[in-house]
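Overview (structure and organization)
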Amino acid sequence: MLLGAGSDSEDVIQEACVKAYRKLSRYRGDASFRSWLLAIVANETRNLHRSRGRRDGLVLRAAAADPTSEVAEDDAVGAVLAGERRASLVQALRQLPVRDREVIVCRFFLDLTEEETVSALGWPRGTVKSRTSRALGKLRGLLDSEEVRHG
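Residues numbered from 1 in each chain as written. Predicted model: local features only at pLDDT ≥ 70, side-chain atom pairs only at ≥ 80, totals over all residues. Heavy atoms only, no water.

Overview of the pattern of salt bridges
Going through the model one piece at a time under the given rule, you end up with seven salt bridges. Between Lys19 and Glu44 there is a salt bridge; the shortest N-O distance is 2.7 Å. Remark: Glu44 occurs in helix α2 (residues 33-65) and Lys19 occurs in helix α1 (residues 9-22); sequence separation between them is 25 residues. By relative accessible area, which is 27% here, Lys19 ends up partly exposed. Of the charged contacts in the structure, one is a salt bridge between Glu116 and Arg34, with a shortest N-O distance of 3.6 Å. Taken as a pair, Glu116 in helix α6 (residues 114-121) and Arg34 in helix α2 lie far apart in primary sequence, 82 residues in all. Overall, Glu116 belongs to the buried group, its relative accessible area being 16%. When salt bridges with common partners are traced through the structure, they connect Asp100, Arg131 and Lys138 into a single cluster. (Salt bridge = Lys/Arg side-chain N within 4 Å of Asp/Glu carboxyl O. Helix = DSSP H or I, 4+ residues; strand = E, 2+ residues; numbered from the N terminus. Buried < 20%, exposed > 50% of the residue type's maximum accessible area, 1.4 Å probe, protein only.)

Focus on helix α5 (residues 98-109)
All buried positions along α5 are accounted for by Asp100, Arg101, Glu102, Val103, Ile104, Val105 and Cys106. Asp111 lies just past α5 and shows a positive phi near 60°.

What follows is the structure, given as structure tokens:
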């Protein structure tokens, strides 16, 4: 969900598992199986983003235009159930660029080690370190400005 799959996360996981099964013979053991599988999940999530980018924009505009719509109700129920702080965090995460969001999710929500994050995202170690630092700074700034807005 935090990588942006949302309600489609089960479909993403299922597709990733099918692809992992089909490509199991290609697993070389260079990285842990967990990070190899998470890399496939991350790629499937990116595929989902590419395919639904325009649709999401339309849904958000429709929800804003008609606050009584089913989409707005679902979002409200989810925010109430998840709590205000979680909703703020998710909103801030969604405002981050995709690569920043990916590194934050891998390191802090999936609790991957730096090495596992390197394998999962396919980035050099230095990129993971620098992007993690910059992404955390951006996230802090977004959360601070959110806190100021809502008092």
